[in-house]
Amino acid sequence: MNKLLVSALEPSANVHLKEILKRLEGWEIEGVFDKSLGNPVVDGNEFNVMGFLDVLPKISLAKKTIEELAKRSLECDKVLLIDAPSFNLRVAKRIKEINPKAEIIYYILPKVWAWKKGRIKQVREFVDHKAYIFPFEREVWEDGIYVGNPLLDEIKRFRDDKKYGNVAFLPGSRKSEIKALMPYFRKIAEKIDKKPLLAVPEIYKNSINEIYGDVSGFEILYNTHDALLKSDFAFICSGTATLESAIIGTPFTLLYKARDIEFALAKLFVRLKYAGLANIIFQKEGLGEFHREFLQDFDAEDLIREYKKASLEEFREKSLKLRKILKHGSAESVIKLITE
């Protein structure tokens, strides 16, 4: 049995990893990932934080885990790093220091087109196979491979033209995101004329009240795609879920709310017109704006006005264009990199 060392910290990375493992035969995994996928050295959920200040308590755990992963690479056939560059670039560096022959695949590369271009040099120095998931990233990773987009593996159904009388609320998967957005979502849920659906990750099923606060005004769903497919509109925290909604074809608006100091730092370092991935892809293709974005300064009334203006037909047309741009899923291409 071949051994694959994996580093998948975030919930989205573990969803993508799950799609790979469904198809990968003759390999066992070890490393950092969700415990539902096997026996990790550290459960990826231990690193479930957001923002510059939230990271500080995790530094000690990160250092110990990096050392452990580097040692384990000596007994593994290949290494698969997924996203999370602040952690995974350090993993790659340490592995190459003690195991120069280790073959490292980096899947979902650092978003150097947004910020921290210095990471390009690190990736080129420590990574053997660069697997990117947006076609426009070829501008940066000329020696990499476009493997497709993982969401096209995971999304099997698309929005039809029916009205369902529901609105979905997706406050993200990181606890700090959830706490920042839930007060707005409660206000909106009280004022709209449709049933509010709250999408909650499975990992929080037993701690909803602790993490989300009062959810008495919502119907709880544990599957993001189901929530989007049966909703006429969605309010979504900035992140992967906005691209999911764009691919599915459900009208939505993107929200981002952080501590003032974190938002100021983000504005200082990130040089992009848009935060949403669908908007960035459309801009690169010369197709204009896909959806509206509300960053830091907004109120519930702003969001309700946007909800009332949304056109399902228009979003479904844009969704079809987006899927054509992304072409196909990525799991099969990543498996080829692992097994070759």
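Residues numbered from 1 in each chain as written. Predicted model: local features only at pLDDT ≥ 70, side-chain atom pairs only at ≥ 80, totals over all residues. Heavy atoms only, no water.

**Examining the sheet that holds strand β6 (residues 129–132)**
Consideration 1: Ordered in space as β3-β2-β1-β4-β5-β6-β7, the seven strands form an open sheet in which the pairing is parallel. Of all the strands in the sheet, just β3 (42–43) and β7 (145–146) have a single pairing partner and so form its edges.
Consideration 2: Contacts from helix α14 (residues 331–339) reach β1 (2–8), β2 (27–33), β4 (78–82), β5 (104–107), β6 and β7 within the one sheet, and its direction differs from that of β4 by about 150°. (Pairing = 2+ DSSP bridges. Helix = DSSP H or I, 4+ residues; strand = E, 2+ residues; numbered from the N terminus. Contact = heavy atoms within 4.5 Å. Axes fitted to C-alpha atoms, helices over the stretch in contact; angles between N-to-C directions.)

**A word on helix α4 (residues 119–126)**
Consideration 1: For α4, every residue scored as buried is listed here: Arg-119, Ile-120, Val-123 and Phe-126. The buried residues of α4 occupy an angular sector of 155° when projected down its axis, which confines them to one face. Opposite the buried face of α4, by more than 90 degrees, sit the exposed residues Lys-121 and Glu-125.
Consideration 2: Of the surrounding secondary structure, the elements contacted by the buried residues of α4 are α3 (85–98), β5 and β6. (Buried < 20%, exposed > 50% of the residue type's maximum accessible area, 1.4 Å probe, protein only. Arc of directions from axis to C-beta.)

**What to know about the pairing of β2**
Consideration 1: Burial analysis of β2 places six of its seven residues in the buried class, which makes it a mostly covered element.
Consideration 2: Here β1 runs beside β2; their pairing, made up of six bridges, is parallel. Looking across to β2, one finds that Leu-5 is bridged to Glu-30.
Consideration 3: Pairing between β2 and β3: two bridges, direction parallel.

**Concerning the nonpolar core**
Consideration 1: In terms of nonpolar packing, the biggest core is built from 89 residues, with Leu-80, Tyr-107 and Leu-322 touching the most fellow members.
Consideration 2: Beyond its immediate stretch of four places on either side in the chain, Leu-80 contacts Leu-4, Leu-5, Val-6, Ser-7, Leu-17, Ile-20, Ile-105, Tyr-107, Val-334 and Ile-338.
Consideration 3: The next biggest cluster of nonpolar side chains, apart from the first, holds 28 residues, and it includes Tyr-184, Ile-192, Tyr-204 and Ile-208. (Core = buried A, V, L, I, M, F, W, Y, C linked by side-chain atoms within 4.5 Å.)

**Observations concerning the sheet that holds strand β13 (residues 292–295)**
Consideration 1: What the six strands build is an open sheet, ordered β10-β9-β8-β11-β12-β13; its pairing is parallel. At either end of the open sheet lies a strand with only one pairing partner, and these are β10 (219–221) and β13. For this sheet, the mean angle separating the axes of adjacent strands, direction not counted, is 20°.
Consideration 2: With four bridges connecting them, strand β8 (residues 166–170) and strand β11 (residues 233–237) associate as parallel partners. Residue pairing for β11: Leu-170 is matched across the bridge by Ile-236.

**Brief notes about helix α2 (residues 59–73)**
Consideration 1: An ideal rise of 1.5 Å per residue puts 21 Å on 15 residues; α2 measures up with 21 Å between its terminal C-alpha atoms.
Consideration 2: Against the buried residues of α2 lie β1, β2, β3, β4 and α3. (Expected span 1.5 Å × (residues − 1).)

**Let's talk about the packing of aromatic side chains**
Consideration 1: Taken as a whole and assessed by the stated rule, the structure comprises 16 aromatic pairs.
Consideration 2: Both rings, one in Phe-169 and one in Phe-235, keep their centres 5.4 Å apart while their planes meet at 25°; by these two values the pair is stacked. Taken together, the positions of Phe-169 in strand β8 and Phe-235 in strand β11 put the pair 66 residues apart, joining distant regions of the chain. Assigned by exposure class, Phe-169 and Phe-235 land together as buried. (Phe/Tyr/Trp six-rings, centres within 6.5 Å; stacked < 30°, edge-to-face > 60°.)

**A few points about the packing of α2 against α3**
Consideration 1: At a minimum axis distance of 9 Å, the contact between α2 and α3 shows a crossing angle of 45°. Put simply, α2 runs oblique to α3. In this structure, α2 meets α3 at a crossing whose hand is right-handed. Of α3, the residues touching α2 (which contributes Ala-62, Thr-65, Ile-66, Glu-67, Leu-69, Ala-70, Lys-71 and Ser-73) are Phe-87, Arg-90, Val-91, Arg-94, Ile-95 and Ile-98. (Parallel < 35°, antiparallel > 145°, perpendicular 65-115°, else oblique. Left-handed = near helix turned anticlockwise from the far one by under 90°.)

**Comments concerning unusual backbone geometry**
Consideration 1: Located in the positive-phi region is Asp-83, a residue other than glycine, with phi close to 55°.
Consideration 2: Structurally, Asp-83 can be placed in the loop between β4 and α3.
Consideration 3: Exposure remark for Asp-83: the relative accessible area of 16% places this residue in the buried category.
Consideration 4: The phi torsion at Lys-327 lies on the positive side, around 75°, for a residue other than glycine.
Consideration 5: On the secondary structure map, Lys-327 appears in the loop between α13 (312–326) and α14.

Purely spatial values, then, with no claim about function.
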